[in-house]
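Summary of structural features
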There are 2 protein chains.
Amino acid sequence: MHMTDKKFVFKRIRGAIHQQDAGALAGIFDEYPSADMADVIEHLEPDERFFIFSVLPAEAAGEVLKEIESPVQKQILAGLDNQLVSVIITQLDADDAADILGNLSEERAEDILEMSGPDVSRELEKLLQYGKETAGGIMDLEYVAIPETSTVGEVIDVIREKKHQVKNLYHVWVLDHLDRLSGVVSLKDLLTEALGRKITDIMNPEVISVPAGQDQEEVARLFKKHDLVNMPVVDDGGLLLGRITHDDIIDVIEKEVDEDLSLMTGAMGHEIAEESFLKISRARLPWLITGVAGGIVAAVVINQFETTLEEIIALSFFLPVIMGMGGNTGTQAATIVVRGMATGDVSLVNIRKRLWLEMKVAFINGIACGGLLGLIVGWWLSDYALGSIVALAGVLVVINSGFTGSAVPFVLNKCGIDPALATGPFITTLNDILGLLIYLGLVTLFLGSTI
Amino acid sequence: MHMTDKKFVFKRIRGAIHQQDAGALAGIFDEYPSADMADVIEHLEPDERFFIFSVLPAEAAGEVLKEIESPVQKQILAGLDNQLVSVIITQLDADDAADILGNLSEERAEDILEMSGPDVSRELEKLLQYGKETAGGIMDLEYVAIPETSTVGEVIDVIREKKHQVKNLYHVWVLDHLDRLSGVVSLKDLLTEALGRKITDIMNPEVISVPAGQDQEEVARLFKKHDLVNMPVVDDGGLLLGRITHDDIIDVIEKEVDEDLSLMTGAMGHEIAEESFLKISRARLPWLITGVAGGIVAAVVINQFETTLEEIIALSFFLPVIMGMGGNTGTQAATIVVRGMATGDVSLVNIRKRLWLEMKVAFINGIACGGLLGLIVGWWLSDYALGSIVALAGVLVVINSGFTGSAVPFVLNKCGIDPALATGPFITTLNDILGLLIYLGLVTLFLGSTI
C-alpha cells in the first residue's frame, strides 16, 4: 500500500471509529492486507486501537494483531479481557498464537490457555516449551509428513485432505517406520511423477534438518547457505517436530541485525514502535552513563598531564581529534569483524590473517591521519618538532585502535559473549583512554627532553 | 558444515593441490555443497585457487564460483582466460552468469558474451540491461508461465517438460491473450484439483508483481509484508519478464544492512572478503579524514575560549565527555530512525510524533547524564555553582543531539539522500561542535558574570 493510500485508509478508519460503526470497520479490514492494517493501527491512539479490537470479528482481529509490533501489541493486549484474547488466538496458527502468548505474563498466558480448547492448548504448549530464539521457538506445526511406504497417489490424497490447514506447502517430508525423518519430496516431483510410484524412489534422502534447541542464528545461516524455502525441525531422536519457513528466517535476520545495532549504540532494536519515552530512555541510559563514566576516567588521565597542558594550553584543543581518530578506527575494524561473524563470512580459521590485514590498514590510515594532524599542529604552534610527535602519536593511536577493534570481537566470541558488544561503549572508552595516554605521554616525554 | 569438517576439507584440498591431483579435487567438490566449498576456497592462497579453477569441470567450477564473495571472485576471474570463463558461465543459470559478468569490465564481459552461444548471450543481455539494484537486476529467467486457456492437466505437462530447467518451482504464472500477467496458481492447487479444470477457475487473479525498474529495497519490503516465496517481474505493459525468489531477497536484505553499516562507520560492508589492504584503507580513509577535519574545526572552536580554559585548566579535562555525550545520543536517535526507515516501520506520517518522543527521551537522559557530570565537576573543582552550569550544558547538549540525530534522517530522506548518512561522521562532527559551543559558551558566560 502506498503512503497516500495509507493516509486515506487511516482517515476512513478514524471516521468509522468516531461513528462507532463496527460494520464499516470490519469492511475496511476485509479490504486490505492485514500487514498494511497493522501499520495503520500502530499510528492510531490507544483508545482507538482498543475500540477496533473490541468490535472486530475474531479472525480478522487475530490476523492483524499478529502483525503489530510487540510494544503496541502488548499495549493492546493489556486492554482486552482474557476471554476475548482466547477467542482471538484460537483463530490463529499455533506458532502465531504462541508468539502472542509469549508477550504476556506467564500467569495470564496460562489463564488464557485454559480457556482455549484442549486441541489448541496442547499445540500451544508444545511450542511454548522451546526458547524464543531457538529452532523450536520459531517453528510452526503446519506440515505434511507421510510414511515411507506411501505412493505418489496416496501422498496427493493426504495433501488434498490437509489443503486448507497447511498454507505454504512446497515440500512433503517422509518418515521411516520409527517416525524418524528420512527424506523430502518436492511438490514439483509429486506433480510430475506417476501416481503409482513409490515415494522412496523419488524422495531425496539428504534432507537438511535442525534440532529444536538449535540457535535461530545458526538456522538462518543454514537457510542462506542452501537457499532453503522451509526446513524440518527434529528432536534428539530424529522425530519430526515442526517446520521453519523462509519468512520466519527473514524475521530472524532482521531481529539479529536489530540486536547487533542495539549492542552497537545502546538503542533498542525494536524501539521504533515503542511509545513510552521512559522505556526508551531506560534502555538507552546505561550506554550513555557508561560513556560519561569513561569520559570521567579520561578526565582523570588528562589531569595527570596538567603541567604539560598548562605549559602549552593548545595541546588540549587536540584532545577531541585524537579520541575521535581512535574511536572511528576501532569502530570500523570492529563493525566489519562483527558483521562478518554474523553473516558467517569470518570463521575462526583466519583470525591471524584478519588481524594482520587490519594492522596493515591501520598503519596506512594512521600515517595519513596522524601526518595530517601533525602538520596542522606543527603549523598552528609553529613547532614542527612537536607536530612530528603528535603525528607519531596519531599513528600509534590508530594502530592501537585497529588492533583492539579487530581482536576484541574474536576474544568475546571465544568467551561465549556476543561479539557485537565490541562495537559498543566499552571498547570505545578503552580506546579513548589508551589514545589519551599515548598522545599526552609522548608529548610530555618530548617536552621533558627539550626543557 | 561444521568448523572441524571445514578444516578437514581444507587440508584435503591443499593435499590434492600440492599433488596436482585433479581427479581427487573434483571428487572433493562433488562431495560437499558448493556454498561450503566456496568458503574453503576463500581461505586458500591465490595460486591454489587458480589451480582449482583451471582443472575443475566447468559445471562444478560455475556452481562454486557464483558462491564466492565478490572481491575473491574478481581475483580468480582475473587469472582465468576468457574462453574458460565463457565455458563456466554457460553452465550457470542466466542470473548467476549475469552476476559474474557484472563483476568484470564491460569490455571483457562483451568478449566473453560473444564466445558464448547465441542462446546464452541473448538471455544474459536481457538481464544485463537492468540496474544492479532493481527488480530486473536481481530476477532470474526460470519460471513457468501458461496461457489462461490451459487446463490443470496441460499445465502439469508443461511443468514435466521444464522440470529440470526450473529448479525452485512453487507457483505457475498465468498470462492473458496479450501475454500480460493475469494470475497465479500454486503447485498445491494444481496437485489437488481435477486434471480437466480450467486454470482460470482456480487461479488467484490478485498476483503481486513489480515493474523491472523497482528498487530492490522496495521489492524486499513487499516480500516481507506478504511473506512471499517468489514474485513475478513485469514490464510497463504488464508483460512477464522474470522471477525474483526468496533467496534473492535475503541477499538484498543483507546487502542493504551492509550498505547502512558502511554509511554509519565508513567501512565497506562487503570488505570482509577483501584481501587488498590498500583497497580497505582507501574505503575507510575518507571517513577518518572527515573526523580529523571535524576535530580541527572543534580545536578552532575551543581556541576561541582559550582565556576561559587558562583560567580553569580543569575545564579542558571534560571536553571529551561532553563530546561523547552528544555523539552517543545523536547516534542512538539516528540509528533507530534510520533502521526504522529501512524496515519500513517509520513512515513519513509520524515525523512530529517521533521528534516529540525523542525530545522527551533526550530531556530525561540529559538530566541524568548532565546531572551526574555536574556533580562530579562540582566536587572536583569544589565549585557547585560551576557544576550546575556544566550540568545545564550537559542537558542542552543531549537535547540538541537528540534533535539533530532524529531530525536529520527525515531531512535527508526528503532530499532523496540515503538517511543512513545521518549516522555517519557529518552529524557526529556537527554535534561535537555544537556541544563544545554550548559547554564552553555557558561556562564562559558564567565565569564572566562572577568575575
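Rules and cut-offs
- Residues numbered from 1 in each chain as written.
- Chains lettered and ligands numbered in written order.
- Predicted model: local features only at pLDDT ≥ 70, side-chain atom pairs only at ≥ 80, totals over all residues.
- Heavy atoms only, no water.
- pLDDT = per-residue confidence, 0-100.
- Contact = heavy atoms within 4.5 Å.
- Buried area = accessible area lost by both parts, 1.4 Å probe.
- Salt bridge = Lys/Arg side-chain N within 4 Å of Asp/Glu carboxyl O.
- Core = buried A, V, L, I, M, F, W, Y, C linked by side-chain atoms within 4.5 Å.
- Buried < 20%, exposed > 50% of the residue type's maximum accessible area, 1.4 Å probe, protein only.
- Phe/Tyr/Trp six-rings, centres within 6.5 Å; stacked < 30°, edge-to-face > 60°.
- Helix = DSSP H or I, 4+ residues; strand = E, 2+ residues; numbered from the N terminus.
- Patch = residues over 30% accessible without salt bridge, like charges linked within 9 Å, V, L, I, M, F, W, Y side chains within 5 Å.
- Areas by Shrake-Rupley, 256 points an atom, 1.4 Å probe, with all protein chains shown as cover.
- Lys, Arg positive; Asp, Glu negative; His and termini not counted.
- Charge placed at Lys NZ, Arg CZ, Asp CG, Glu CD.
- Least-squares fit on C-alpha atoms with pLDDT ≥ 70 in both.
- Pairing = 2+ DSSP bridges.
- 1 Å grid on protein atoms, 1.4 Å probe; cavity = no way out; pocket = protein on both sides within 12 Å on 5 of 7 lines; lining within 4 Å.
- Points joined across faces, edges and corners; volume = space filled by probe spheres on them.
- Nonpolar A, V, L, I, M, F, W, Y, C, P; charged D, E, K, R; others polar.

1. Description of the confidence of the model for chain A
Overall, the predicted model of chain A reaches an average pLDDT of 88, with 96% of residues at or above 70. Both scores are given for the predicted complex: the pTM is 0.78, the ipTM 0.77.

2. Observations concerning the interface of chain B and chain A
Each side of the interface is counted separately: chain B has 111 residues, and chain A has 110 residues. Together chain B and chain A conceal approximately 10200 Å² of surface at their shared face, both sides included; 69% is due to carbon and sulfur atoms. Inspection of the region where chain B meets chain A yields 12 salt bridges. The closest approach of N and O atoms between Lys225(B) and Asp36(A), which form a salt bridge, is 2.8 Å.

3. Structural notes on the nonpolar core
Among the nonpolar cores identified, the biggest contains 119 residues, and Ile13(A) and Ile13(B) are the most heavily contacted of them. With near-sequence residues (within four places) excluded, Ile13(B) lies in contact with Leu25(B), Ile28(B), Phe29(B), Met37(B), Val40(B), Leu44(B) and Ile52(B). Formed by 76 residues, the second largest nonpolar core is a distinct cluster that contains Ile302(A), Leu319(A), Ala393(A) and Met325(B).

4. A few points about the packing of aromatic side chains
All names here are of chain A. The full count for this structure, using the stated rule, is 7 aromatic pairs over all chains. An angle of 55° between the planes, with centres 6.0 Å apart, marks the rings of Phe-317 and Trp-380 as tilted. With a gap of 63 residues between them, Phe-317 in the loop between α18 (306–311) and α19 (319–343) and Trp-380 in helix α20 (residues 351–380) connect regions that are remote in the sequence. The partly exposed category is assigned to Trp-380, whose relative accessible area is 22%. Ring pairs connect the aromatic residues Phe-317, Phe-318 and Trp-380, which therefore count as one cluster.

5. A short note on a negative patch on the surface
Residue and element names in this part refer to chain A. A surface patch of negative charge is lined by Glu-106, Glu-107, Glu-110, Asp-111, Glu-114 and Glu-125. Ranked by the residues each element gives to the negative patch, the list is headed by helix α9 (residues 106–115), at 5 residues. Positionally, Glu-110 belongs in helix α9. The class of Glu-110 is partly exposed, set by a relative accessible area of 48%.

6. A word on the relation of the copies chain B and chain A
Between the two copies, chain B and chain A, the superposition gives an RMSD of 0.1 Å; the rotation angle is 180° and the shift along the axis is 0.0 Å. Each copy turns onto its partner about a two-fold axis. Interface residue correspondence from chain B to chain A reaches 99%, placing this contact among same-surface, isologous pairings.

7. Some points on the pattern of salt bridges
Enumeration over the complete set of coordinates arrives at 38 salt bridges over all chains. Note that Arg243(B) and Asp140(B) form a salt bridge whose closest N and O atoms lie 3.5 Å from each other. Within this pair, whereas Arg243(B) is found in strand β6 (residues 240–245), its partner Asp140(B) is found in the loop between α11 (135–138) and β1 (145–147), the two being separated by 103 residues in sequence. Assessed through its relative accessible area of 2%, Arg243(B) is described here as buried. For Asp140(B), a relative accessible area of 5% corresponds to the buried category. Three or more residues joined by partner-sharing salt bridges are found here, namely Lys163(A), Asp189(B), Glu193(B) and Arg197(B).

8. Brief notes about the pairing of strand β5 (residues 230–234) of chain B
All names here are of chain B. Across the 5 residues of β5, 5 count as buried, placing the element largely inside the fold. Burial along β5 is two-sided: the face carrying Asn-230, Pro-232 and Val-234 and the face carrying Met-231 and Val-233 are both buried. For strand β4 (residues 210–211) and β5, the ladder comprises 2 bridges, and the chain directions are parallel. Across the sheet, residue Val-210 finds its bridge partner in β5, namely Val-233.

9. Re the sheet that holds strand β4 (residues 210–211) of chain A
Residue and element names in this part refer to chain A. An order of β4-β5-β6 is seen for the 3 strands of this open sheet, with the pairing classed as mixed. With one partner strand each, in any of the chains shown, β4 and β6 (240–245) form the two edges of the open sheet. Inspection of the sheet shows strand β5 (residues 230–234) paired to β6 by 5 bridges, in the antiparallel sense. Opposite Asn-230, over in β6, you have Thr-245 as the bridge partner.

10. Observations regarding unusual backbone geometry
Residue and element names in this part refer to chain A. We note that Asp-179 has phi near 65°; this positive angle belongs to a residue other than glycine. Mapped onto the fold, Asp-179 is located in the loop between β2 (171–175) and β3 (181–186). A relative accessible area of 46% means that Asp-179 is categorised as partly exposed. You will see that Ser-382, though not glycine, has its phi angle at about 50°, which is positive. Turning to its location among the elements, Ser-382 is positioned in the loop between α20 and α21 (384–414).

11. As for empty space enclosed by the protein
In total, this model carries 9 cavities of 30 Å³ or more according to the counting rule given. Of the volumes computed, that of the largest cavity is approximately 900 Å³. Every residue lining the largest cavity is counted, 39 residues in all, and those nearest its centre are Gly327(A), Asn328(A), Thr428(A), Asn328(B) and Thr428(B). Broken down by secondary-structure element, the contributors of at least two residues to the lining of the largest cavity are α16 (246–265), α17 (277–304), α19 and α22 (425–450) of chain A together with α16 (246–265), α17 (277–304), α19 (319–343) and α22 (425–450) of chain B. When its residues are assigned to classes, the lining of the largest cavity shows 14 nonpolar, 23 polar and 2 charged. By volume, the second largest cavity amounts to about 280 Å³. Taken together, 24 residues line the second largest cavity, and the ones lying closest to its centre are Val257(A), Glu256(B), Val257(B), Asp260(B) and Arg339(B). Broken down by secondary-structure element, the contributors of at least two residues to the lining of the second largest cavity are α16 and α19 of chain A together with α15 (216–226), α16 and α19 of chain B.

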